[in-house]
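Residues per chain, in single letters:
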Amino acid sequence: MKESLLASRATKGSLLKSFSGYTVLLRNRPFMIHTCLKAVGLGVLFAYISSSPFIMQTHYGLSQTQYGIIVGVNALCMAAGSMMSLRFRPFKKAAFIGASLASAGIVAQAIALYTVHNLWVYDAIIVVILFALGMIMATSNTLAMNEGRARSGDASAVLGISGYIVGATVSPLVGLGDILHSTALVNLALAAALMVFAFATRRLAPDLEQ
């Protein structure tokens, strides 16, 4: 693959100079709102990846093969959510709807993890959450990169590390104590953060109508 960044737009100079672009982006409010929304969405995804093997295999007794099949099918739902986000006008509307849907799913999941204890109820809710995360990821990533297009390399770096910081934080938390309850509580906290940034995104002027 050929380098897509024009040589004229590449950062030149000392290593310290390259960090100046991060400062500019961190002060860009729309960029940071979209970035934080994606980071929290990735947090929900990492919480699912970290907890689901123990919930589905240890608690509900699935084999490794059964678990792999279910997770593979679930991943298709996330891809479907990404494709669905393209139908919204303005584009950022998909972020708010996705965050609302994911948050509603997380609340339902928390209730199920505390009271229902049924594998298929748990997974049906996961399907909804992953579909919504697909909408969030596609939208927030595109909107953030649009805001940071003048410094696309720096913007990509900030987007990437922010998501992994949240993911690395929540992954061990879902395993504290009873994994059903800790997963529910961690996801509820993430749902609250999702809605904060979703409302902030909703208040921004549309920057991508098409």
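Cut-offs and rules
Residues numbered from 1 in each chain as written. Predicted model: local features only at pLDDT ≥ 70, side-chain atom pairs only at ≥ 80, totals over all residues. Heavy atoms only, no water. Helix = DSSP H or I, 4+ residues; strand = E, 2+ residues; numbered from the N terminus. Rg over C-alpha atoms; globule rule 2.2 N^0.38 Å. Buried < 20%, exposed > 50% of the residue type's maximum accessible area, 1.4 Å probe, protein only. Contact = heavy atoms within 4.5 Å. Axes fitted to C-alpha atoms, helices over the stretch in contact; angles between N-to-C directions. Left-handed = near helix turned anticlockwise from the far one by under 90°. Nonpolar A, V, L, I, M, F, W, Y, C, P; charged D, E, K, R; others polar. Phe/Tyr/Trp six-rings, centres within 6.5 Å; stacked < 30°, edge-to-face > 60°. Polar contact = N/O pair within 3.5 Å; in protein donor to acceptor, adjacent residues only side chain to side chain.

**Q** Help me understand the overall build of the protein chain, please; the structure alone is not making it clear to me.
**A** When you go through the protein chain residue by residue, the secondary structure sums to eight helices and zero strands. Helices (α) and strands (β) of the protein chain occur, in sequence order from the N terminus, as α-α-α-α-α-α-α-α. The C-alpha radius of gyration computed for the protein chain amounts to 18 Å, which stays within 12% of the reference 17 Å derived for 210 residues, consistent with globular compactness. Expressed along its principal axes, the backbone C-alpha trace of the protein chain runs to roughly 55 × 35 × 30 Å. Scored against the burial criterion, the 210 residues of the protein chain give a buried share of 43%.

**Q** Hey, could you run me through unusual backbone geometry in this one?
**A** With the exception of glycine, the majority of residues adopt a negative phi angle, and the majority of peptide bonds are in the trans configuration. A cis amide bond links R89 with the next residue in sequence, P90, at an omega value of -5°. Within the fold, P90 resides in the loop between α4 (64-85) and α5 (93-116). Of note, H117 is a non-glycine position whose phi angle comes to about 55°, a positive value. Inspection of the secondary structure puts H117 in the loop between α5 and α6 (119-147). Using a relative accessible area of 38% as the deciding quantity, one classes H117 as partly exposed.

**Q** What exactly am I supposed to notice about the side chain of T201 here?
**A** As for its placement among the helices and strands, T201 is situated in helix α8 (residues 179-203). Among all residues touching T201, those that are not within four sequence positions of it are I33, H34, L37, K92 and A95.

**Q** Help me out: how do you make sense of the packing of α4 against α6 in this one?
**A** Any two packed helices are characterised by the angle at which their axes cross and by the distance between the axes. Where α4 meets α6, the closest approach of the two axes is 7 Å, and the angle between their N-to-C directions is 40°. In this structure, α4 meets α6 at a crossing whose hand is right-handed. Each of I70, N74, C77, M78, A80, G81, S82, M84 and S85 in α4 lies in contact with α6, whose residues at this interface are W120, D123, I126, V127, L130, F131, L133, G134, M135, M137, A138 and T139. Here the residues of the contact of α4 with α6 sort into 14 nonpolar, six polar and one charged.

**Q** Quick question: what am I supposed to make of the packing of aromatic side chains here?
**A** Each aromatic ring pair is described using two quantities: the centre-to-centre distance and the angle formed by the ring planes. Applying the stated criterion across every chain, the model contains three aromatic pairs. Residues F46 and Y164 carry aromatic rings whose centres are separated by 5.7 Å and whose planes lie at 85° to one another, so their mutual orientation is edge-to-face. On the criterion of sequence distance, the pair formed by F46 in helix α3 (residues 29-59) and Y164 in helix α7 (residues 152-173) is long-range, its members being 118 residues apart. Residue classification places F46 among the partly exposed residues on the basis of a relative accessible area of 22%.

**Q** Explanation requested: the side chain of S140 in the structure shown.
**A** With respect to the helices and strands, S140 occurs in helix α6. We classify S140 as buried; its relative accessible area is 1%. Of the polar contacts made by the side chain of S140, one reaches the backbone oxygen of I136; its length is 2.6 Å. What S140 contacts, discounting residues up to four positions off in sequence, is H34, L37 and K38.

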